[in-house]
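# Structure at a glance
Spelled out, the chains give:
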Amino acid sequence: KTMLEALNPQPQDKILQLIAMFRDDPRTTKIDLGVGVYKDATGLTPVMRAVKAAEKKLWEVETTKTYTGLAGEPAYNAALVTMILGQGFADRAASVATPGGTGAIRQALELIRMANPKARVWMSAPTWPNHPSIVKYLGMTGVEYRYFNVATSGIDFPGMMADLERVSTGDAVLLHGCCHNPTGANLDGSQWDQVIALLKKKGAVPFVDLAYQGFGDGLAEDAAATRKIAAAFPEVLIAASCSKNFGIYRERTGILIALTSPDRKAVVQGNLNFLNRQNYSFPPDHGARLVTMILEDAALTADWKAELEEVRQNMLGLRRALADELRRATNTDRFDFVASHRGMFSRLGLTEAQVNRLREEYGIYMVGDSRINIAGLNAKTVPVLATAIAQVL
Ligand code: LMR
């Protein structure tokens, strides 16, 4: 066998597989509720106005493409730390710019493994499929904690607390800061307080994935849990993404923040820099630079926030419309949870056979666990989806 002949086929990522299936479906009536990409009422994923304006300005003022900082441009890291945590964390926050949120998750897991190869990584059941996939790829031990109550489509809070009782000192616990992916079900403030108290007692290290800040209850509201965690624990890892809230998916713009004590910060920062250098050297700059330009300019910030708020309100409106239509079409309140879920996704609680029928017979594409991307809908397709669901139930 040659070297490359020794390779085995890899399992396909379910979400990415769905993109290809949708693309290859010739039906003009097909509806894409798969990958987590925002789409407006016309089905477009627009470049946000402030991003366009920043790009234009950048083209005018940029004089070099030489390397920037290994940890990213310091102004970007500082702006993101403030956007996520507010003021007062600069002396505790080591950070590196990363290629998207996935890059930040990967670097966080590598940092955990470097610091403590025995640390286990606790993940909600279910979670974004790439979480356990990377944990496994790195040879780390992943453990699930209960999270979703299938009967109510809400949180299984007693189950979650019971499972987190088994966390050991030094384990990392991956938490979705807001807009849980794939379920859409989120902890309320008092539940967050209880989780924080329990994890503190256990000596766990919180590892927050914040990929949808601004898509749930608002930019600051969606960071509230992360801020509570940051204030409560001596050490916290935060992997954040600008893909969704700035709509710059392909620019790969993310950040890993490691909160530590001020006197440990330099060593932690050095380790983050080292990881960037080993994995890809300098992080991508274009998206990070646009984000910095927007966040450092009051007018651009205001315009970006206004457009982000339109996006959020549009998804909330679609949630209410879909819950109403499902009530009408199915004659039950079984799907009322769609209106109270937050973020891009809701898990509808359909069987795999029902999901397959929706795809094959109706050209409606959702992830196999019946996760839908709310933003894939519009006023016209909401009733189409509701009627189709009623048919396959
Ligand atoms: C999703 O869950 O659909 C998004 O996070 C996109 C991705 O990379 O899977």
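Structural notes, computed from the coordinates. On a predicted model such as this, the values are computed, not experimentally measured, just so you know.

### Comments concerning the sheet that holds strand β2 (residues 93–98)
Pairing is mixed in the open sheet, where 7 strands are placed in the order β2-β10-β9-β8-β7-β3-β4. What marks the edges here is a single partner per strand, and that holds for β2 and β4 (141–146). The sheet shows a mean angle of 20° between the axes of neighbouring strands, direction not considered. The sheet strands contacting helix α4 (residues 100–115) are β2, β3 (120–125), β7 (172–176), β8 (205–210), β9 (236–241) and β10 (254–259), and the helix crosses β9 at an angle near 160°. This element, helix α5 (residues 130–137), spans β3, β4, β7 and β8 of the sheet and lies at about 160° to β3.

### Some points on the side chain of Gln354
Mapped onto the elements, Gln354 comes out in helix α13 (residues 352–362). What makes Gln354 buried here is its relative accessible area of 15%. Apart from residues lying up to four places away in sequence, Gln354 is in contact with Val392 and Leu393.

### Observations concerning the site of the ligand
Within the structure, the ligand sits among Ile15, Val35, Gly36, Trp128, Asn181, Tyr212, Lys244, Phe345 and Arg371. Residue Gly36 places a main-chain N or O atom 2.7 Å away from an oxygen atom belonging to the ligand. Contacts to the ligand include Asn181, whose side-chain N or O atom sits 3.0 Å from an oxygen atom. Surface burial for the ligand is 82%, taken as the share of its 260 Å² of free accessible area covered by protein chains. A class-by-class count of the residues in the shell around the ligand yields 5 nonpolar, 2 polar and 2 charged.

### A closer look at the packing of aromatic side chains
Aromatic rings considered in pairs are described by the distance between their centres and by the relative angle of their planes. Taken as a whole and assessed by the stated rule, the structure comprises 7 aromatic pairs. Grouping aromatic residues by their ring pairs yields a cluster made of Tyr38, Tyr212, Phe215 and Phe345. The residue whose ring lies beneath Arg371 is Phe345, and the NZ or CZ to ring-centre distance is 3.7 Å.

### Here's the deal with unusual backbone geometry
Of note, the amide linkage connecting Ala125 to Pro126 takes the cis form, showing an omega dihedral of 5°. Within the fold, Pro126 resides in the loop between β3 and α5. Put simply, Asn181 and Pro182 share a cis peptide bond, and its omega is 20°. By secondary structure assignment, the location of Pro182 is in the loop between β7 and α7 (189–202). In the Ramachandran plot, Arg252 falls in the positive-phi region, its phi being about 55° despite a non-glycine side chain. Turning to its location among the elements, Arg252 is positioned in the loop between β9 and β10. Arg252 gets classed as partly exposed once you look at its relative accessible area, which sits at 31%.

### Structural notes on the packing of α4 against α5
A pair of packed helices can be characterised by two numbers: the angle between their axes and the separation between those axes. Close contact between α4 and α5 brings their axes to 10 Å; oriented N to C, the two are set at 40°. For the element pair α4 / α5, the angle class is oblique. Of the two elements, α4 crosses α5, and the hand of that crossing is right-handed. In contact with Thr102, Ile105, Arg106 and Leu109 of α4, α5 contributes Asn130, His131, Ile134, Val135 and Tyr137. A class-by-class count of the residues in the contact of α4 with α5 yields 5 nonpolar, 3 polar and 1 charged.

### Regarding the pairing of β2
Most of β2 is tucked away: 6 of the 6 residues are buried. Covered by surrounding structure in β2 are Ala93, Ser95 and Ala97 together with Ala94, Val96 and Thr98, the residues of both alternating faces.

### What to know about the side chain of Thr381
Summarising the element assignment, Thr381 is placed in helix α14 (residues 381–392). When sequence neighbours within four positions are dropped, the list of residues in contact with Thr381 reads Ile31 and Gly376.

### So, the pattern of salt bridges
Here the structure, examined in full by the defined rule, presents 24 salt bridges. We note a salt bridge from Arg106 to Glu110, for which the minimum N-O separation is 2.8 Å. Taken together, the residues span about one helical turn, with Arg106 and Glu110 both in helix α4 at a distance of 4 residues. Residue class for Arg106 comes out partly exposed when judged on its relative accessible area of 27%. The salt bridge involving Arg120 is made with Asp171; its shortest N-O contact spans 3.1 Å. Remark: Asp171 occurs in the loop between α6 (157–164) and β7 and Arg120 occurs in strand β3; sequence separation between them is 51 residues. Given a relative accessible area of 25%, Arg120 falls into the partly exposed group. Accessibility expressed as a relative area gives 3% for Asp171, which makes it buried. One connected set of salt bridges, linked through shared partners, spans Arg49, Asp303, Glu307 and Glu310.

Criteria and cut-off values
Residues numbered from 1 in each chain as written. Predicted model: local features only at pLDDT ≥ 70, side-chain atom pairs only at ≥ 80, totals over all residues. Heavy atoms only, no water. Pairing = 2+ DSSP bridges. Helix = DSSP H or I, 4+ residues; strand = E, 2+ residues; numbered from the N terminus. Axes fitted to C-alpha atoms, helices over the stretch in contact; angles between N-to-C directions. Contact = heavy atoms within 4.5 Å. Buried < 20%, exposed > 50% of the residue type's maximum accessible area, 1.4 Å probe, protein only. Near = heavy atom within 4 Å. Polar contact = N/O pair within 3.5 Å; in protein donor to acceptor, adjacent residues only side chain to side chain. Areas by Shrake-Rupley, 256 points an atom, 1.4 Å probe, with all protein chains shown as cover. Nonpolar A, V, L, I, M, F, W, Y, C, P; charged D, E, K, R; others polar. Phe/Tyr/Trp six-rings, centres within 6.5 Å; stacked < 30°, edge-to-face > 60°. Lys NZ or Arg CZ within 6 Å of the ring centre and 35° of its normal. Parallel < 35°, antiparallel > 145°, perpendicular 65-115°, else oblique. Left-handed = near helix turned anticlockwise from the far one by under 90°. Salt bridge = Lys/Arg side-chain N within 4 Å of Asp/Glu carboxyl O.

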